[in-house]
Amino acid sequence: NSGRFDFSLGSMAVLSTLISIRITSSMPSTSGTAIINLLLCLLFGAMLGAFSGGLYVLLKIPPIITSLGVTLIFEGITYSIAEGKYINGGDAMAIYNFMDKNWWFALILILFVLAVMIFVFDHTKFGYNYKALREGQKVSVNTGIKEVPNAIICYTICGALMGIVGFLSVARSGGLDGRSLSFASIGIMFNAFLPMFIGGFIGRFSNDK
């Protein structure tokens, strides 16, 4: 909740997960394929987020506009890698089977991410600067807070979280849609709007995370 609106979140989730699945599919079969996929989703999600954030601070145009271009780029790359097909079976099914048999893993994952988010945003210098920039950007910059690194880190964290979203999406459906073009991936982001508003309301009376 940094005051920026980003349409590219869904495309980050899909592309990071697709790259992860493509990499693990070329590896020798191992029992920990799902865990490796999760770590790769985190890594590539963070990289895609950093790219989006870097483009935003480089172009210096509103993030909502930048994100539209980034969405088209990521969707195009996804379509090319997936060859315009719906990806199922193989490692996508391995993720589905793992999560189906180990339902508790998702709960542990959520609790771990929650703990990390609370620590990073409530108990670090970055988190304090983030809150200051969110409440008053011009005043914060004038006091010496560096806006650009903070913005890129925000985008990087957001991308990593979207990598987890992509992983959990595949775990739920057993497949990944590589046919999304012309902003079709935006629907993934809008799926989270109701929980986000409910969370925002509850956050007024407790920790917003």
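Residues numbered from 1 in each chain as written. Predicted model: local features only at pLDDT ≥ 70, side-chain atom pairs only at ≥ 80, totals over all residues. Heavy atoms only, no water.

Undergrad: How should the layout of surface pockets be read in this particular structure?
TA: Taken as a whole, the second largest pocket encloses approximately 270 Å³ of empty space. With 8 residues, the single largest contributor to the lining of the second largest pocket is helix H5 (residues 104-122). Classifying every residue of the lining of the second largest pocket by side-chain character gives 15 nonpolar, no polar and no charged. (1 Å grid on protein atoms, 1.4 Å probe; cavity = no way out; pocket = protein on both sides within 12 Å on 5 of 7 lines; lining within 4 Å. Points joined across faces, edges and corners; volume = space filled by probe spheres on them. Helix = DSSP H or I, 4+ residues; strand = E, 2+ residues; numbered from the N terminus. Nonpolar A, V, L, I, M, F, W, Y, C, P; charged D, E, K, R; others polar.)

Undergrad: Just checking my understanding: could you explain the confidence of the model for the chain for this structure?
TA: Low pLDDT marks stretches whose predicted atomic positions should not be read closely. Across the chain, the average pLDDT comes to 85, with 95% of residues at 70 or higher. Looking at the elements of the chain, mean pLDDT is at its lowest for helix H4 (residues 90-101), recorded as 77, and at its highest for H5, recorded as 92. (pLDDT = per-residue confidence, 0-100.)

Undergrad: Would you explain the state of the cysteines in this entry?
TA: By definition, a disulfide is the covalent link that joins the sulfur atoms of two cysteine residues. If you walk through the whole model with that rule in mind, you get 0 disulfides. Counting only cysteine sulfurs, Cys154 is the nearest neighbor of Cys158, a cysteine outside any disulfide, at a range of 8.8 Å. By relative accessible area, which is 27% here, Cys158 ends up partly exposed. (Disulfide = S-S within 2.5 Å. Buried < 20%, exposed > 50% of the residue type's maximum accessible area, 1.4 Å probe, protein only.)

Undergrad: It is not clear to me how the nonpolar core should be interpreted in this structure. Could you clarify?
TA: The tendency in soluble globular proteins is for nonpolar side chains to be buried as a group. Residues Ile95, Phe121, Phe126, Phe167 and Leu176 are the most contacted members of the largest nonpolar core, which totals 26 residues. Listed by contribution, the elements that provide at least two residues to this core are helix H1 (9-25), helix H2 (33-59), H4, H5, helix H6 (125-135) and helix H8 (147-173). Once residues within four sequence positions are removed from consideration, Leu176 is found in contact with Val14, Thr17, Leu18, Ile21, Lys85, Tyr86, Ile87 and Val170. Within the second largest apolar cluster, 15 residues are counted, among which are Leu9, Val70, Phe74 and Met189. (Core = buried A, V, L, I, M, F, W, Y, C linked by side-chain atoms within 4.5 Å. Contact = heavy atoms within 4.5 Å.)

Undergrad: Mind showing me how you'd approach the side chain of Asp122 here?
TA: Looking at the element boundaries, Asp122 is found in helix H5. In this structure Asp122 comes out as buried when scored by relative accessible area, which is 13%. A distance of 2.9 Å separates the side chain of Asp122 from the side chain of Lys209, its partner in a polar contact. With residues up to four places along the chain from it excluded, the contact list for Asp122 reads Met117, Tyr128, Lys131, Asn207 and Lys209. (Polar contact = N/O pair within 3.5 Å; in protein donor to acceptor, adjacent residues only side chain to side chain.)

Undergrad: What is the right way to read the pattern of salt bridges from this model?
TA: Close approach of charged atoms lets side chains of opposite charge pair. Under the counting rule described, the total for this entry stands at 5 salt bridges. For Lys85, the salt bridge goes to Glu83, with nearest N and O atoms at 3.7 Å. Where salt bridges share partners, they join Asp122, Lys131, Asp208 and Lys209 into one cluster. (Salt bridge = Lys/Arg side-chain N within 4 Å of Asp/Glu carboxyl O.)

Undergrad: When you look at a nonpolar patch on the surface in this model, what are you seeing that I'm missing?
TA: A surface patch of nonpolar side chains, about 610 Å² in accessible area, is lined by Phe5, Leu58, Leu59, Ile61, Ile64, Ile65 and Phe190. Counting only elements with at least two residues in the nonpolar patch, the list comes to H2 and helix H3 (63-82). Examined against the element boundaries, Ile65 turns out to sit in helix H3. Exposure remark for Ile65: the relative accessible area of 47% places this residue in the partly exposed category. (Patch = residues over 30% accessible without salt bridge, like charges linked within 9 Å, V, L, I, M, F, W, Y side chains within 5 Å. Areas by Shrake-Rupley, 256 points an atom, 1.4 Å probe, with all protein chains shown as cover.)

Undergrad: Can you walk me through H6 in this structure?
TA: Those residues of H6 not exposed but buried are Phe126, Gly127, Asn129, Tyr130 and Leu133. An end-on view of H6 places all buried positions within 160° of arc, on one side of the element. In this structure, H6 carries Lys125 and Glu135 as exposed residues pointing more than 90 degrees from its buried face. (Arc of directions from axis to C-beta.)

Undergrad: When you look at the packing of aromatic side chains in this model, what are you seeing that I'm missing?
TA: The geometry of an aromatic ring pair comes down to the distance between the two centres and the angle between the two planes. Going through the model one piece at a time under the given rule, you end up with 10 aromatic pairs. Look at Phe126 and Tyr130: their rings are 6.4 Å apart centre to centre, the planes differ by 25°, and that puts the pair in the stacked class. Of this pair, Phe126 and Tyr130 both sit in helix H6, separated by 4 residues, roughly a single helical turn. Assessed through its relative accessible area of 15%, Phe126 is described here as buried. (Phe/Tyr/Trp six-rings, centres within 6.5 Å; stacked < 30°, edge-to-face > 60°.)

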